[in-house]
Amino acid sequence: MSTTEHTTEEGRAGFLAIELDGAGWDGGDFASLAEAVLAAESAGFHAATFADAPVPGRTNALQRAAYAGPVTRSIALVPEVDTVHTEPFHVSTQLASLDYVSGGRAGWIATAAESSEAAAAVGRSSVTGAALAQEAAASIEVSRRLWDSWEDDAVIRDVATGRYIDVDKLHYADFETPADFAGAGYSVKGPSIIPRPLQGQLPVLAAASLVGEGQVPADGVDAVLVTAPTPELLAAEIRDVRRRLGASVAVIAELEVVLDSRGQAAVERLAGSGSAADGGRARYAGTAAGLADLLESLLVEADGVRLHPASLALELDELSRLVLPELRRRGALRAPVLDGTFRDLLGLTRPASRYADSSAAIAAGN
Amino acid sequence: MTQHNRAKSDVFVPTGKLQFGVFFQGVNSGTIWKAAESGSQTDFESFRRIAQTAERGLFAAFFLGEGLRLREHLGRPHALDVVGRPDAQTMLAALASVTTNIGLVATQNTTYNDPADLAHRLASLDLISGGRAAWNIVTTDNAWTGANFRRGGYLDHADRYRHAEAFVETAKRIWDSWETAEGPARRVLHEGQHYTVDVTPRLPRSAQYRPVLFQAGDSPEGRDFAARQADVIFSAHPKFDAAVEFRKDLVARSLAAGRGANAVQIMPASEFILAPTAEEAAAKKEWVRGLQIGPQQAVAYLEQFWGRELSEYDPDGPLPEIDPVVEETSETRGSGFHGAKARQLADQWRAEAKDKGLSIRQFVTSRTARVDATFTGSYSAVADQLAEFARVGAVDGFNISPWLVPSGLDDIVNHLVPELQERGVYPTEYRGSTLRENLGLETPVRTADETAEAVRAS
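Residues numbered from 1 in each chain as written. Chains lettered and ligands numbered in written order. Predicted model: local features only at pLDDT ≥ 70, side-chain atom pairs only at ≥ 80, totals over all residues.

A. Spotlight on the sheet that holds strand β11 (residues 265-266) of chain B. Residues and elements named next belong to chain B. Here we have 10 strands laid out as an open sheet, ordered β11-β10-β9-β6-β5-β2-β1-β14-β12-β13, and parallel in their pairing. Every other strand in the sheet has two partners, leaving β11 and β13 (374-378) as the edge strands with one partner each. Bridge count for strand β6 (residues 133-138) against strand β9 (residues 212-215) is four bridges, and the pairing is parallel. Bridge pairing in β9 places Asn-136 opposite Phe-214. (Pairing = 2+ DSSP bridges. Helix = DSSP H or I, 4+ residues; strand = E, 2+ residues; numbered from the N terminus.)

B. Just the interface of chain B and chain A, in detail. Listed by partner, the interface residues are 56 residues for chain B and 49 residues for chain A. Those elements giving two or more residues to the side of chain B that touches chain A turn out to be α2 (44-56), β4 (76-77), α3 (88-96), α4 (115-128), β8 (196-199) and α10 (295-306) of chain B. Looking at which element gives the most residues to the side of chain B that touches chain A, the answer is α4 of chain B, with eight residues. In terms of residue class, the side of chain B that touches chain A is built from 28 nonpolar, 16 polar and 12 charged. (Contact = placed C-beta atoms within 7 Å. Nonpolar A, V, L, I, M, F, W, Y, C, P; charged D, E, K, R; others polar.)

C. Summary view of the nonpolar core. Residue and element names in this part refer to chain A. The biggest cluster of nonpolar side chains holds 245 residues, and the ones touching the most others in it are Ala-48 and Val-224. In terms of residue count, the dominant contributor to this core is helix α6 (residues 130-148) (nine residues). Other than its neighbours up to four places away in sequence, Val-224 contacts Leu-205, Ala-206, Ala-207, Ala-208, Val-211, Val-241, Leu-245, Val-249, Val-251 and Ile-252. (Core = buried A, V, L, I, M, F, W, Y, C linked by C-beta atoms within 7 Å. Buried ≥ 20, exposed ≤ 12 C-beta atoms within 10 Å, placed from the backbone.)

D. Spatial organisation of helix α8 (residues 240-256) of chain B. All names here are of chain B. Helix length check: α8, at 17 residues, gives a terminal C-alpha distance of 24 Å against a target of 24 Å (1.5 Å per residue), a fit within 8%. Listed in full, the buried residues belonging to α8 are Ala-243, Phe-246, Arg-247, Leu-250, Val-251 and Ser-254. The arc that holds the buried residues of α8, viewed along the axis, is 140°, so those residues lie on one side. Counted as exposed and oriented over 90 degrees from the buried face of α8: Asp-241, Lys-248 and Ala-256. Taken together, the buried residues of α8 touch α7 (220-229), β10 (232-233), β11 and α13 (379-392). Just beyond α8, the residue with positive phi is Gly-258, at close to 85°. (Expected span 1.5 Å × (residues − 1). Arc of directions from axis to C-beta.)

E. Representation of unusual backbone geometry within the structure. Here Gly-190 of chain A and Pro-191 of chain A are connected by a cis peptide whose omega angle stands at -10°. Relative to the assigned elements, Pro-191 of chain A resides in the loop between β8 (187-188) and β9 (204-207). Looking along the chain, the bond that leaves Val-405 of chain B and enters Pro-406 of chain B is cis, with omega of 5°. Residue position: Pro-406 of chain B is located in the loop between β14 (397-400) and α14 (410-422). A positive phi angle, close to 50°, is found at Arg-262 of chain A, a residue other than glycine. Looking at the secondary structure, you find Arg-262 of chain A in the loop between β11 (250-259) and α8 (266-273). Here Leu-74 of chain B, not a glycine, exhibits a phi torsion of approximately 50°, which is positive.

Written out as C-alpha cells, the structure reads:
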C-alpha cells in the first residue's frame, strides 16, 4: 500500500481482532499458543483476545496473553479479566505488568461474571443484575486510579539526593465503593506496586450491554464489543450503540466466522459440528470473498471487528491467505504498526496521569 | 527411585551437589541503582536478561517477590531504595516463553489471595511453563497491607500459620483433584474460620504434577509449617555453622511431621561478591556496600526505629543521642522492622556503635548489609567454600540476590559455576524439563485417603 492510499483511506480503515480461544481451541497445547498468536500476527490481525470463561482445561487468560508478549511485535494482547470475583488491586497490577511484558500492547476486556460457581469458589454470594455492572465499574475505577498513582516521571534515580523515586509523584488512590454499592463495599488505598504502565492507561473494553447509564459509565471504557443476532442487524446495532455512548467510545463488532475450507463448504462444516451461534452472536458462514465484502461494509460502521473462528487453524489459514490481503488491497485495514501500542491502534493519545499537576501528592505525616 | 528412597529415609543423606536460584528482588536496599551499569527494574529486558543468564548457568529457579503495598517511611512512600515491581505470575508467564528449563517461582501471600483463585493461577502458570512453576508461600497479617484489598485486615498475627496451612491444604486438594489426564475433577469443599471454598477445579495436572512449594518463614511455627508442607525452604542461614544447625533442626522437624529426613530442601538467601583475586573482591565489596547504603539510607534506617526525622544528624557522625518518639516500630517498612521495642534498641545500638567506634553509616551498613549472607572472595576460594557445604549437605543450594540488575549474575555464571562444576558439586546439564526433576524432588502423589487425613489434621 502506498503512502498516499494509506492517507486517503485512513478515515475508514479499521482493525481486526481475533479471539484465540473459540470453539476450535483446545487450550491444552501450549506450543500452539505461541504458534497461534504468531500466525494471527503474521496474518495481519491487529489484536488477539483471550477468553477467561471457566472452561475445563483452560488456563488463565491474562497469563496466556503475558506468555504471548515477548514472542510478538505488533499484535495487541487483550485478555478477559473478571471484575466480580477478583481482587481489584491484583487485577490492576497484573494488567500493568502485561503492558510491560508486551511493550505497551496490552488491553483489558473487563467482564462481570454472573456465576454462582465463581462466587462459591471464593466464598461469596453470587452477584446478579445491576450489581454486576457496579462491580465492574468499581474494579475499572480502581485499576485506572492505580495506573495513574505513579506519575510518568516518578522514578528519578537522583544520586545527589539519594532518592530513587520522587515521592511527590506518587499518589494514594483512596478508592471507596459508592454508598449504593450492592455488594460488600471495599476500599483500596494505593499507590500501585508497579510504576505507571507503558501506555499510561491500558485501553479498557467491555460488552456494550455492560456500559451506559446506571452501568459502567461510558468514560470508564475505551471501546465496547457490540453483538447482534445476524450480520445484517450488526450495522444498525453499531449505530445505536454509538448514539447511546457517544463518539469517545470505539466500537468493535462481534462476528463468528465459518469459511469454506479445504474442499469443505462452510455450511457442511457447520452441520458437522452441530454448534449453535454463541449467545446470539452474528455468524458468517460462506466463502472468503463474501466475508471480505461483509467485513468491508462492517468496518465502515465500526472501528474494528473481532472474529470468532469456528476452528482457529482452519479459519486462520483462509483468513490469512484470502480475506486480510483482500481487505488490505481495498484499503479497509489499518497497517499494523511494528512496536506500536494498543492505544495507537485505537487512535487514543497517551493521557497524562489524573494526579499530575494536582497538589494531592501524599502529604508527609498523612 | 533413588530420589524416592532418599526422601523417605529416616537418616539425612547429602546429595553432594548444589543448585542455584536467583531472586530478582524488586524492592530492597540490596540492589544498587546508583551505578552506571544499574538497569531498569521494570523493563522486560532486565527480567529476560537475568532469567536467560541464570538458565545459561543451569540455575534451578528464578524467584520474584510479591508487592502488596509500597513500603512507607514516616508516612510517605520510602524514596531511597529500589521500588516498583511487576506482578510475579504475570512476569513469570512472560518469561516462560523465552526460557525452557529454569523454574519460575512466584512469592504469593496466603492472606490477600483467595485459595481457589490462587491455586488456579499457579496451576495455570505450571501448565503454561510446561511444569516449571513454584509457589513461595508467605503470610502477612497486618491491616496496613490489607488497606489495598477487599477484606482489609482480618487476620490475627497468632492465626497466620493456621490460616496459611488451611489455605495450602486447600490448594493441594485443588491440584490433586484432577484424577486422570482426562479428568473430570473432584469437587473441593472447605469451610473454615476465615474463608469458604466450593470449587470444581478446571485444570489437569502439569508435567510436574503440581507446582513446587517453597516457604520462607523462619520462626519455629514457620519452620514446622515448612516441614509439613513445603518442598524447599528459602532459609535465612547461609553461614556454614548456622546452616548445619538449621539442617539438623529442619531434619528433626521433618521427621516429626512424618516426612523423610531429606524431604525438605534448603536454599538460603545469599549474595556473592566475586573477583579473580581476594584483594579485588574486597575492593569490590567496599564499592558495593557504599552504594547499597548511602548517607540518606543510613539516616532513614534509624528514622524508621526512632519514628522521627533525623536529617540534622551527620551520617558520618555518632548515633543520635535523642530518644525514639515511638514505643514500637511499625510494619510499614516490611515485617522485618515490625514490633521492635524502640527505646531499648536505641540504647543498645548507641552503646554498640560507641564501643566499636562506628558512625551512623558504618553502623547501619553493619546491620543491613547481608553480613551473614555474603560470600566474598576469589572465584576459586568461594567455590572451595561452597564445595564444603555440598560435601556435608549443609544446604541444597543458594538463592542468590544479585546486587546489580541486569548484569549481576554474569560473574557467577561465567566464573563461579565452572569452578563448581570442576569440583563436581554443580550440575553440568538440566536433569529434565520440569522444576521438580531439576530439584530432584519426588512426585507428591497423594491418595484420596491421604488427602482426607491431611485435611483432618489441618
